[in-house]
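# Report on the structure
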Amino acid sequence: MKINWFPGHMHKALKDIENQLKKVDIIIYVLDARIPLSSLNPSLTKIAENKPILFLINKIDLADEKRVKELLGNFVGEGKDYLLFNSTSFKNDLVLNKIKNLAKGKIEKYKQKGIKATIRVMVVGVPNSGKSSLVNNLCKKAKTVTGNRAGVTKCGQWLNVGDGIEIYDTPGTLYPNIENQDIAKKLAFVGSVRDEVLEFISLAEELFAIIKEKYPALLEKRYPNCESIEDIAKLRKYVTNGGEIDLERASYSFVDDFRKTRIGKITLD
Ligand SMILES: Nc1nc2c(ncn2[C@@H]2O[C@H](COP(=O)(O)OP(=O)(O)OP(=O)(O)O)[C@@H](O)[C@H]2O)c(=O)[nH]1
Ligand SMILES: [Mg+2]
């Protein structure tokens, strides 16, 4: 299975992000804490490179926080900051303080002129990483639509957060011809690639192998004595109408277990 999902709206979105850039003071780069490195999109990283960046490592409630902390070295540097976050429940002041800190040069400059600066923030990231949830959290209102599948937001929009901050929500973007298929698979595991373009049996088998290597005890606890997706199907007694072992059902249920943290809190880098 070769994973390559780059629909037209993403191509347009990347162009729009580039066009909006001149108005933007700060970029919030939303990453998925279950795959903090693999949810970096080289196209976005390139676009964002000259702006102050807040790496918002989101969905920390679903991830292995200890592993995430080992990876934080990738998100530090001049004009960079990071925050481990849960957009569906943490308080927005954590993010607002980081924004104000990254924009303090502009805020001070305007203050000296007696004007309150408007800080414009653009939120970018791969699909389903929680950008719109973050925007709603910052606005304290459901101003944009969110949903647990890739590709919910289709075009960018500016929203007013208040306190001199404006925010631009963007559609999740991937990149054409993802050469590193290990990364593409990780994006698929967490739901950043549309499920409909994936072959679930092979995807589940790959995920099984990775979790077996990295978190063997968690796997054993949830699926005792299972060495494969087929073993899971037998354990759960999944059979098709024709009486055969239902690998497809076992595959969906395994990936779903991972996504819902029923196996445990896992980070795959
Ligand atoms: N557990 C958990 N779920 C989250 C968090 N942030 C967002 N979600 C959920 O993740 C799903 C995707 O959230 P969205 O905010 O729609 O993601 P998005 O990045 O805007 O997605 P696109 O518009 O498709 O690019 C939704 O079901 C959210 O409720 C988080 O920090 N923790
Ligand atoms: Mg969205």
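Parameters at a glance
Residues numbered from 1 in each chain as written. Chains lettered and ligands numbered in written order. Predicted model: local features only at pLDDT ≥ 70, side-chain atom pairs only at ≥ 80, totals over all residues. Helix = DSSP H or I, 4+ residues; strand = E, 2+ residues; numbered from the N terminus. Rg over C-alpha atoms; globule rule 2.2 N^0.38 Å. Buried ≥ 20, exposed ≤ 12 C-beta atoms within 10 Å, placed from the backbone. Contact = placed C-beta atoms within 7 Å. Near = placed C-beta within 6 Å. Nonpolar A, V, L, I, M, F, W, Y, C, P; charged D, E, K, R; others polar. Core = buried A, V, L, I, M, F, W, Y, C linked by C-beta atoms within 7 Å. Domains from an automatic or database assignment. Axes fitted to C-alpha atoms, helices over the stretch in contact; angles between N-to-C directions. Parallel < 35°, antiparallel > 145°, perpendicular 65-115°, else oblique. Left-handed = near helix turned anticlockwise from the far one by under 90°. Pairing = 2+ DSSP bridges. Expected span 1.5 Å × (residues − 1). Arc of directions from axis to C-beta. Right-handed = clockwise from strand over helix to strand, strands pointing away.

### A closer look at the overall build of the protein
Looking only at helices and strands, one finds 11 helices and six strands in the protein. For 269 residues, the compact-globule estimate of 2.2 N^0.38 gives 18 Å, and the C-alpha radius of gyration of the protein, at 20 Å, lies within 12% of that figure. Here the C-alpha coordinates of the protein stretch approximately 75 × 35 × 35 Å along the principal axes. Looking at the protein as a whole, 39% of its 269 residues are labelled buried. Look at the contacts in the protein between residues 6 or more apart in sequence, and 70% of them connect residues 24 or more apart.

### A short note on the site of ligand 1
With respect to spatial proximity, 24 residues lie near ligand 1, and among them Gly130, Thr146, Asn148, Thr153 and Gly172 are the closest. No other element matches helix α6 (residues 131-139), which puts three residues into the shell around ligand 1. Broken down by class, the residue content of the shell around ligand 1 amounts to five nonpolar, 16 polar and three charged.

### So, the nonpolar core
Within the largest apolar cluster, 73 residues are counted, with the highest numbers of intra-cluster contacts made by Tyr29, Leu56, Ile57 and Val123. Each of domain 1 (8-169) and domain 2 (199-259) gives at least three residues to this core. Beyond its immediate stretch of four places on either side in the chain, Ile57 contacts Leu31, Ala33, Pro36, Val68, Tyr82, Leu83, Leu84 and Phe85.

### Some words on the domain arrangement of the protein
If you check the domain split of the protein, you get domain 1 (8-169) and domain 2 (199-259). Once you take the C-alpha centre of each, domain 1 and domain 2 turn out to be 35 Å apart.

### Overview of the packing of helix α8 (residues 200-214) against helix α11 (residues 247-259)
Contact geometry for α8 and α11: axes closest at 8 Å, N-to-C directions at 50°. As the angle between them shows, α8 and α11 are arranged oblique. The way α8 lies across α11 gives a crossing that is left-handed. Each of Phe200, Ile201, Leu203, Ala204, Leu207 and Phe208 in α8 lies in contact with α11, whose residues at this interface are Leu247, Glu248, Ser251, Tyr252, Phe254, Val255 and Phe258. Considering only residue class, the contact of α8 with α11 consists of 11 nonpolar, one polar and one charged.

### With respect to helix α5 (residues 104-112)
In terms of residue burial, α5 counts as a barely covered element, since only zero of its nine residues are buried. Count one or two residues on from α5 and you reach Gly114, which has phi positive near 80°.

### With respect to the pairing of strand β5 (residues 157-162)
Examined bridge by bridge, β5 and strand β6 (residues 165-169) share five bridges and lie antiparallel to one another. What sits directly across from Asn160, in β6, is Glu166. In textbook terms, the turn of a hairpin is the stretch between consecutive antiparallel strands, and for β5 and β6 this stretch comprises two residues, one of which, Asp163, has a positive phi near 55°.

### Overview of helix α1 (residues 8-20)
An ideal rise of 1.5 Å per residue puts 18 Å on 13 residues; α1 measures up with 19 Å between its terminal C-alpha atoms. The set of residues buried in α1 consists of Met10, Ala13, Leu14 and Ile17. Down the axis of α1, the sector holding all buried residues measures 100°, keeping them to one side. Exposed residues lying more than 90 degrees from the buried face of α1 are Gly8, Lys15 and Asn19. Against α2 (42-48) and β4 (119-125) lie the buried residues of α1.

### Quick notes on the sheet that holds β5
Across a sheet, paired strands are connected by hydrogen bonds in the backbone, their directions being either parallel or antiparallel. Reading across from one edge, β3-β2-β1-β4-β6-β5 is the order of the six strands in this open sheet, with mixed pairing throughout. Each edge of the sheet is formed by a strand with only one pairing partner; in this case those strands are β3 (80-84) and β5. Each strand axis lies, on average, 25° off the axis of its neighbour in the sheet, ignoring direction. Its contacts with the sheet put α6 on β1 (26-32), β2 (53-58), β4, β5 and β6, and the angle it makes with β6 is roughly 160°.

### Digging into the environment of Leu72
Looking at the element boundaries, Leu72 is found in the loop between α3 (65-70) and β3. Between the C-alpha atoms of Leu72 and Leu37, which are 35 residues apart in sequence, the distance is 9.7 Å.

### Looking at the pairing of β2
Of all the six residues making up β2, six are buried; the element is thus mostly covered by neighbouring parts of the structure. Alternating positions in β2 separate into two faces, Ile53, Phe55 and Ile57 on one and Leu54, Leu56 and Asn58 on the other, with burial throughout. Sheet analysis places β1 next to β2, joined by six bridges and oriented parallel. Within β2, the residue paired with Leu31 across the bridge is Ile57. You can see the chain leave β1, run along α2 and come back into β2, and the turn it takes is right-handed. Bridge analysis of β2 against β3 gives five bridges, and the strand direction is parallel.

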